[in-house]
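# Commentary on secondary and tertiary structure
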There are 2 protein chains.
Amino acid sequence: MVKRVTIKDLAANMGVSSGTVHRALNGKPGVGDELRERILETAREFGYRPNYVASSLKRKTLRIVAAFPGSTEQNRYYYTYVWQGFRDCMEELQDYNLQVIEIPYYNTMNVQGHELTAVLERYNHEIDGLITVGHAHDERGEQAIRQFIQQGIPVMLTCDDLHDSGRMGCVQANYELTGRMVAELLSSQLPENSSVLIGAGDIMVPSHYGIIQGFDAYIKENEISLKTVKVHGYKDEEEISMRMREYLNSDPSIRAIYSVNARGSVMIGKLVKEMGLAGKLRVIGSDLFDENAANMKAGILNNIIYKNPYQQAYLATRRLLDYLIKGEKPIEDVKYVESVVLFNSNLSMYL
Amino acid sequence: MVKRVTIKDLAANMGVSSGTVHRALNGKPGVGDELRERILETAREFGYRPNYVASSLKRKTLRIVAAFPGSTEQNRYYYTYVWQGFRDCMEELQDYNLQVIEIPYYNTMNVQGHELTAVLERYNHEIDGLITVGHAHDERGEQAIRQFIQQGIPVMLTCDDLHDSGRMGCVQANYELTGRMVAELLSSQLPENSSVLIGAGDIMVPSHYGIIQGFDAYIKENEISLKTVKVHGYKDEEEISMRMREYLNSDPSIRAIYSVNARGSVMIGKLVKEMGLAGKLRVIGSDLFDENAANMKAGILNNIIYKNPYQQAYLATRRLLDYLIKGEKPIEDVKYVESVVLFNSNLSMYL
DNA sequence: CTGAAAGCGCTTACAG
DNA sequence: CTGAAAGCGCTTACAG
């Protein structure tokens, strides 16, 4: 192995001090343009590669803010794993001289925004990076995210994106492909001219309607004789459950049920159990958590669509830190994490 | 954030030198038993956590040997991704002062063993870790692996295990659960009393027969009316292809074909194409590489079982390095990487 | 068995 | 704009 080229080597070679080399390489002020160019040129020539392990040792602590919904109530289905992915990544890179500020927030609307603005004040705007969720239709939250970006703080989003906000990137599931995949799975399992009853969630939520769009597109493009019966809605479970029950009672062509979200999956689990439909229909739920896992083991759910929130948050955090520690900007703007079909047989591997 | 506790803090507190604290914490010789105990106690009390970033800076370079089949010919289907997983992990942790020695070997039998023994000689036994594959029934290879272990060199295996060799761990696919999952998938797609034609591979290869065992067990345990027609064999493709063709011509109950390995998947792809059976049978291949991907896009393969060799090698490497850098022993002896069912719809996410 | 010193490859004040 | 020095938290010889 060739000896590693260091800043000292470059400095000696050029007859300047190592401080000057450092300033030149890192774009810091205080080096003449001509000298800076020559140093950069020499670094390239010598194949210099910075040692980030060493550089983290002396530089000031990087302060990272993470803001996600607190994992209570309905949010625990998903955000428990988002927090875990974030923490595991921070833990792994802890020795790189990092400080974490965790902001769990507890009401979806506006609270995210208020908390974020508050933390910016509290730390006197000395924050090096933010990772959070781009909730659609949360004005206050979006405004706060833009505030960070305007301060020059790099912002990484996960789960949901805000395309034109200026964030450095987003790591999320590919909702359209997820919907296509479910359509492909069901069309391989159901006889011709069957119907699928879909708990389609909120038409304003990207993670819900994206899936539906993909599902419909797959069926149309492949000219499949699968019909869909969609029940929209999100918050009022009682009412949605009632409407689903009516469809199940009145439409004998329904051979499968699918919920695009976690909350709806718990509901259809209950419904299938109450109506004694287990094993008579194909039933597909979304997201992995206790209730869904139990229903799968009991034969009430046949498949679970797992969007891997842990991995989404882990990778988003990783990208933010790679940028802050190494200056590496992610190649793609948006990174999609694979959605996976779980079966009863391999459920245990994901728990 | 509380200031990090360092070796210096501990030394000052105890009135000893930082060298002594270092020796005590790392189990190095040259500290009295009584003093060592007191230092360890104080470290616990103060919540001391070593900074591995700092420790890598001055310590001697860790020399890691990686030995996998070279990714040519049939091996490129799988081992290309094994090498990639290994390299990406090494790349990520490069700043921790590591040296890599790559040993690709080109004939499966015995060559692995010869190469490994040779490298041990060449570096005068000064090797800090080995990552390789536990090929079953390769006497010479197994012998060499044991040789490393006897020298006290930690050995991590991937893809295939050698249980009683004393290796520190193995990261691999769970073949039995993979077989069960395929049985579950097919039984949800095929009408009653169908048969599945299975390219069952080599009965001596764990990654082949493990899948078959899982498949059969699922069918038996769940009393499913699925029959299997198995064609064993591995090397002689012509002959296997011929036998499969005969079954397909003579047994009309066959509604699906499945190959447990990469090589067989290419073969069944050809067969289905030649016999004009695309779309008439469910066809499931194994492993992700150009030929399989192309066949999937063309509608010849319906699903691919992806065992994620990249992730297997990445995680195995990671575990070895976590041990060498941080002294963290993996909790589980064997770590299983999830096998995933790929669909045409989400294939693009894995390429 | 223990200490004092040098140094890994950087970054950060400070002085000029 | 540039240099010299100190130091991040460790590890590694060397001396006693």
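Computed from a predicted model, the values in this text were never measured in an experiment.

### Details of the protein's contact with DNA strand C
Around DNA strand C, the structure places 28 residues, and the nearest of them are A:His22, A:Tyr48, B:Thr20, B:Gly30 and B:Gly32. A:Ala54 places a polar main-chain atom, nitrogen or oxygen, 3.2 Å from a base nitrogen of DNA strand C. Those elements giving two or more residues to the surface near DNA strand C turn out to be helix 1 (7-14), helix 2 (18-25) and helix 4 (52-58) of chain A together with helix 2 (18-25) and helix 4 (52-58) of chain B. Ranked by the residues each element gives to the surface near DNA strand C, the list is headed by helix 4 of chain A, at 4 residues.

### Some words on the packing of helix 6 (residues 111-122) of chain A against helix 7 (residues 139-150) of chain A
All names here are of chain A. Helix 7 packs onto helix 6 with a crossing angle of 25° between their chain directions and a minimal axis gap of 7 Å. When the axis of helix 6 is compared with that of helix 7, the two are roughly parallel. For helix 6 against helix 7, the interelement crossing comes out left-handed. Only Arg 140, Gly 141, Ala 144, Ile 145, Gln 147 and Phe 148 of helix 7 make contact with helix 6, whose side of the interface consists of Gln 112, Gly 113, His 114, Leu 116, Thr 117, Val 119 and Leu 120. Of the residues in the contact of helix 6 with helix 7, the class split is 6 nonpolar, 6 polar and 1 charged.

### What about the protein's contact with DNA strand D?
For DNA strand D, the set of nearby residues contains 28 residues, the closest of which are A:Thr20, A:Arg23, A:Gly30, A:Gly32 and B:His22. Sugar and phosphate atoms represent 73% of those atoms of DNA strand D found within 4 Å of the protein. Side-chain polar atom of A:Arg23 to a base nitrogen of DNA strand D: 2.9 Å apart, as the coordinates give it. Measuring from a sugar or linking oxygen of DNA strand D, one finds a side-chain N or O atom of A:Lys58 at 3.5 Å. At the level of elements, helix 2 and helix 4 of chain A together with helix 1 (7-14), helix 2 and helix 4 of chain B are the ones that each hand at least two residues to the surface near DNA strand D. Broken down by element, the surface near DNA strand D gets its largest block of residues, 4 residues, from helix 4 of chain B. Its residues placed into classes, the surface near DNA strand D shows 9 nonpolar, 10 polar and 9 charged.

### Here's the deal with the packing of helix 10 (residues 237-250) of chain B against helix 11 (residues 262-274) of chain B
Residue and element names in this part refer to chain B. Viewed as axis vectors pointing N to C, helix 10 and helix 11 meet at an angle of 45°, and their least axial separation amounts to 10 Å. As far as their axial angle goes, helix 11 and helix 10 are oblique. Every pair of crossing elements has a handedness; the one defined by helix 10 and helix 11 is right-handed. Counting all contacts with helix 10, which are made through Glu 237, Ile 240, Ser 241, Met 244, Arg 245 and Leu 248, the residues of helix 11 involved are Arg 263, Met 267, Ile 268, Leu 271 and Glu 274.

### What about the domain arrangement of chain A?
Accessible area lost upon the coming together of the parts is a frequently used measure of interface size. Assigned domains of chain A: these are domain 1 (7-50), domain 2 (59-167 + 310-336) and domain 3 (175-306). Computed over C-alpha atoms only, the centres of domain 1 of chain A and domain 3 of chain A are separated by 60 Å.

### A look at the sheet that holds strand 11 (residues 334-337) of chain B
Paired through backbone hydrogen bonds, the strands of a sheet run either parallel or antiparallel to each other. Residues and elements named next belong to chain B. In space, the 6 strands of this open sheet follow the order 2-1-3-4-5-11, with parallel pairing throughout. At either margin of the open sheet sits one strand with a lone partner, and together these are strand 2 (98-105) and strand 11. Here the average twist between neighbouring strands, direction ignored, is 15°. Pairing analysis gives 3 bridges linking strand 4 (residues 155-158) to strand 5 (residues 169-173), with the strands arranged parallel. Within strand 5, the residue paired with Thr 158 across the bridge is Val 171. Along the sheet face, helix 5 (residues 76-92) touches strand 1 (62-69), strand 2 and strand 3 (129-133) and points at about 170° away from the line of strand 1.

### With respect to the UniProt feature "domain: HTH lacI-type" (unreviewed entry) in chain A
Taking the UniProt record as the reference, the feature "domain: HTH lacI-type" (unreviewed entry) is found at residues 5-59 of chain A. Along residues 5-59 of chain A the backbone is 67% helical and 0% strand, and the end-to-end C-alpha distance reaches 20 Å.

### Brief notes about the pattern of salt bridges
Counted under the stated rule, the structure contains 42 salt bridges over all chains. Two residues, B:Arg49 and A:Glu91, come together in a salt bridge whose shortest N-O distance is 3.4 Å. Of the two residues, B:Arg49 is situated in the loop between helix 3 (33-46) and helix 4 and A:Glu91 in helix 5 (residues 76-92); the pairing between them involves two chains. Here B:Arg49 falls in the partly exposed class, since its relative accessible area comes to 36%. Owing to a relative accessible area of 44%, A:Glu91 belongs among the partly exposed residues under this scheme. Notably, a salt bridge pairs B:Arg44 with B:Glu41, separated by 3.8 Å at the nearest N-O pair.

Conventions we followed
- Residues numbered from 1 in each chain as written.
- Chains lettered and ligands numbered in written order.
- Predicted model: local features only at pLDDT ≥ 70, side-chain atom pairs only at ≥ 80, totals over all residues.
- Heavy atoms only, no water.
- Near = heavy atom within 4 Å.
- Polar contact = N/O pair within 3.5 Å; in protein donor to acceptor, adjacent residues only side chain to side chain.
- Helix = DSSP H or I, 4+ residues; strand = E, 2+ residues; numbered from the N terminus.
- Axes fitted to C-alpha atoms, helices over the stretch in contact; angles between N-to-C directions.
- Parallel < 35°, antiparallel > 145°, perpendicular 65-115°, else oblique.
- Left-handed = near helix turned anticlockwise from the far one by under 90°.
- Contact = heavy atoms within 4.5 Å.
- Nonpolar A, V, L, I, M, F, W, Y, C, P; charged D, E, K, R; others polar.
- Domains from an automatic or database assignment.
- Pairing = 2+ DSSP bridges.
- UniProt positions renumbered as here; feature names shortened; annotations may be inferred.
- Salt bridge = Lys/Arg side-chain N within 4 Å of Asp/Glu carboxyl O.
- Buried < 20%, exposed > 50% of the residue type's maximum accessible area, 1.4 Å probe, protein only.

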